[in-house]
Amino acid sequence: MTPPDSGDVEILGTPWREGAAGRALRERLGIQLQETQLADKLTVSEVLALFRSFYRQSHTVEEVLALVELEEKRKARVVTLSGGQKQRLAVACALVSKPELLFLDEPTTGLDPQSRRQLWEIIRRFRAAGGTVLLTTHYMEEAERLCDRVAIMDHGKIIALGTPKELIASLGADHVVDFALTEGGISQDLVEVLRQMGGVNAVRTGSDGVSLTVVELHRALPALLALLQQRGVELSLLTTHHATLDDVFVALTGRQLRDT
Amino acid sequence: MYQLALSRMREFYREPEAVFWVFGFPIVLAFALGLAFRNTGPGRLQVGVVAGPGDSAVAAVLDSSPRLVATVLDTATARLRLRTGRVALVVIPGDPVVYRYDSTRTESGLARLEVDEVLQRARGRKDLVAVRDDRAVARGSRYIDFLIPGLLGMNLLGSGIWGVGFSVVQARQRKLLKRYMATPMRRSHYLLSFILSRLVFLIVEVVALVGFGWLLFGVAVRGSFVTLAGITILGSFSFAGLGLLVASRAKTIEGVSGLMNLVMLPMWILSGTFFSYARFPDAMIPFVKALPLTALNDALRAVMIDGAAVTSLGTPLAIVGAWGAVSFVVALKIFRWR
């Protein structure tokens, strides 16, 4: 909807344009924009009736209310809804057209865990019914759970693309060990030694400690502990977890997730 | 389209402030102004008589006139009351009798004539020519008769521009316009929905204001109601177009408020809402007449006061229509949809 800086936009094999062809394409899409605030004074079912009226074929208001589980709120004005309910209403406005392709722009940003799970459930059901979803999110966990394919974008460029499994596999290791020392800083030669250690794939140091990606945790961990003991330094923190998309993102961009 | 118009209306009537400003305010204004300028005739004029020899005799003579009230005052008080307008004229008894008054005030001029007449007659002046008064009150000549059509025009302007302008800019600010653009909604339908919903409110506005004027002040509509309805519909369309134009680019409520005032204030003053635009210098008149509100007010007054037929109103109606059509087309061209 923002005019392209360059290139063409093509959706479902059709170029994105104004006019009759554009309208035909829009009939097949459902879009939720992060920034949209619906009219405060209208009730939930009035908003849906309005959006429904734009499309040639659509769900009835009751059907779509059931899809997003807002039946109890049908008479409530938009202004009285909670953040999660507003977000579900926004998704409902996108679903009302029985879209083939659903665009969701950070649908769960700022929501409590409960509301996030409700939205995930809605998205899963839509997928199960054969729909395609294009989702943007800051939450790697969300991408990992919901998506078949993930593209990681940094500064407007796609820097990685694949299934969550493929992306995690690209780290070359399936475990991450984070640790920090009581003494604070970590000497450069310690980092070098860690790099040479068997099973360690990569070492990254940050202000809050060191992060190792390792292949074989059962071998790397005792080795690490032995090394530290030998050096006579004490651990203030030690955690391990399975590698996630979070780790992929950090490894690729070299920094923690930013809010952009 | 129907749903869009319906949403417009719902959003409007669920906003109590908006309802007051559109329906309540003009009626309150009409009521207040109607009371302040009610036509009771000149009433009895207050006249002061400066204390001195013969003052009470003069005062008694003046008081006997049904159009004068005379009070005996000392010189300082008389001066003060004359200056503040509480007496129209001060009489200083003596030889000659002195009338002190401000000749630029209509009231004082009337008092001068009346006082002189009464005093001269009391001394035995006789009329040389026989006269007979034939009193007639011209229909539609009261201030309230002038005011109601003006308020109607002003109200159409205000509700058109406010009603359309604010909702458009609010929808733009909330990115709702952008969201609508992602649907197959036709853009023209969106804009037309404003005009359609205006039409519904128009009926309420006109009935309320005309009904109020008729019930309380007996302001009748002398022309046909069909003509009146036609003119108000045209005016309402025209101002909704103007409202769209005003709102076509603005990104913030603050921005559009300024623009609205820029459009409306000059028209409120120039277009003969509260007083006739004939008071402006002749050089300004053609410009004033080209304003849509002037043209609409003229047409409304012609129908309500003079009972004019629609055929005689070609020029003002053409002006109103042209403003609306041009605004709408330009608004459609330059409208910022995101």
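Counting of residues starts from 1 at the beginning of each chain's written sequence and follows it residue by residue. Written order decides the labels, with chains lettered from A and ligands numbered from 1. It should be noted that, the model being predicted, local features are given only for residues of pLDDT at least 70 and side-chain atom pairs only at 80 or more, the latter also being counted only at that level, while totals for whole chains, interfaces and linings use all residues.

A word on the overall build of chain A. Runs of H or I in DSSP of at least four residues are treated as helices and runs of E of at least two as strands, each being numbered from the N terminus. When you go through chain A residue by residue, the secondary structure sums to ten helices and eleven strands. Backbone-placed C-beta atoms define the burial measure: a residue is buried with 20 or more other C-beta atoms within 10 Å of its own, exposed with 12 or fewer, and partly exposed in between. Taking all 260 residues of chain A together, 27% fall into the buried category.

For chain B, the count of helices and strands is 13 helices and four strands. Split into buried and exposed, the 338 residues of chain B put 39% on the buried side. Excluding contacts between residues fewer than 6 apart, the proportion of contacts in chain B whose partners are at least 24 apart in sequence is 74%. Residue pairs qualify as contacts under a 7 Å threshold applied to their C-beta atoms, which are placed from the backbone.

Let us now look at the environment of Phe146(B). All names here are of chain B. If you trace the backbone, Phe146 turns up in helix 6 (residues 143-173). Classification of Phe146 as buried rests on a count of 22 C-beta atoms within 10 Å. For the pair Phe146 and Met304, spaced 158 residues apart in sequence, the C-alpha separation works out to 9.2 Å.

With that out of the way, let us pick up the pairing of strand 3 (residues 29-32) of chain A. Residue and element names in this part refer to chain A. Here strand 3 shows two buried faces, one formed by Leu29 and Ile31 and the other by Gly30 and Gln32. Strand pairing follows a simple DSSP-based rule, namely that at least 2 bridges must link the two strands. With four bridges connecting them, strand 3 and strand 4 (residues 101-105) associate as parallel partners. Bridging from a neighbouring strand, Gln32 pairs with Leu104 of strand 4.

What follows deals with unusual backbone geometry. Geometrically, the link from Asp95(B) to Pro96(B) is a cis peptide bond, its omega value of 0 degrees lying close to zero. You can see Pro96(B) is positioned in the loop between strand 3 (89-92) and strand 4 (98-100). Its identity is not glycine, yet Lys98(A) carries a phi of approximately 50 degrees, on the positive side. With respect to the helices and strands, the residue Lys98(A) is situated in the loop between helix 4 (83-95) and strand 4. By the C-beta count within 10 Å, which is 16 here, Lys98(A) ends up partly exposed.

Right, let's talk about the sheet that holds strand 2 (residues 68-73) of chain B for a bit. Residue and element names in this part refer to chain B. The four strands are arranged 2-1-3-4 in an open sheet whose pairing can be described as mixed. Of all the strands in the sheet, just strand 2 and strand 4 have a single pairing partner and so form its edges. Strand-to-strand twist in this sheet, taken as the mean axis angle between neighbours without regard to direction, amounts to 25 degrees. Bridge count for strand 1 (residues 45-50) against strand 2 is six bridges, and the pairing is parallel. Bridge assignment links Val50 to a residue of strand 2, and that residue is Leu73. Each axis is a line fitted through C-alpha atoms, and for a helix only the stretch in contact is used; angles between axes span 0 to 180 degrees, taken between their N-to-C directions. Running at roughly 155 degrees to strand 1, helix 4 (residues 75-83) makes contact with strand 1, strand 2, strand 3 and strand 4 of the sheet.

With that settled, the discussion passes to the nonpolar core. Generally speaking, nonpolar side chains in soluble globular proteins are found buried as a group. When buried Ala, Val, Leu, Ile, Met, Phe, Trp, Tyr and Cys residues are joined through C-beta atoms within 7 Å, the set is termed a nonpolar core. Val47(A), Leu89(A), Val91(A), Ala92(A), Cys93(A), Ile161(B) and Leu244(B) are the most contacted members of the largest nonpolar core, which has 115 residues in total. It is helix 6 of chain B that provides the largest number of residues to this core, a total of 15 residues. Discounting residues that sit within four places of it in the chain, Ile161(B) has contacts with Phe239(B), Leu242(B), Gly243(B), Val246(B), Met260(B), Val263(B) and Met264(B). In terms of nonpolar packing, the next biggest core, distinct from the first, is built from 19 residues, Val49(B), Val58(B), Leu82(B) and Ala88(B) among them.

On the side of chain A, 20 residues touch chain B, which itself brings 18 residues to the contact. Sorting the residues of the side of chain B that touches chain A by element identifies helix 1 (2-13) and helix 7 (176-181) of chain B as the ones contributing at least two each. Following the grouping adopted for this structure description, the nonpolar residues are Ala, Val, Leu, Ile, Met, Phe, Trp, Tyr, Cys and Pro, the charged ones are Asp, Glu, Lys and Arg, and the polar ones are all others, Gly among them. Residues that form the side of chain B that touches chain A fall into these classes: six nonpolar, three polar and nine charged.

Residue and element names in this part refer to chain A. Strand direction decides the pairing type here: strand 8 (residues 175-181) and strand 10 (residues 209-214), joined by five bridges, are antiparallel. Looking across to strand 10, one finds that Asp178 is bridged to Ser211. In terms of strand pairing, strand 8 meets strand 11 (residues 235-242) through seven bridges, oriented antiparallel. Residue His175 lies in a different strand from strand 11, and its bridge partner there is His242.

A separate point is the sheet that holds strand 10 of chain A. Residues and elements named next belong to chain A. What the four strands build is an open sheet, ordered 9-10-8-11; its pairing is antiparallel. Here the strands that pair on one side only, and so sit at the sheet edges, are strand 9 (200-206) and strand 11. The sheet shows a mean angle of 15 degrees between the axes of neighbouring strands, direction not considered. Each of strand 8, strand 9, strand 10 and strand 11 is contacted by helix 9 (residues 217-231), which is oriented at about 15 degrees to strand 8, the strand it contacts most.

Moving on to the confidence of the model for chain B. Residue-level confidence of the predictor is summarised by pLDDT, bounded by 0 at the bottom and 100 at the top. When pLDDT is averaged across chain B, the result is 83; 91% of the residues are at 70 or more. Confidence metrics for the complex model read pTM 0.69 and ipTM 0.71.

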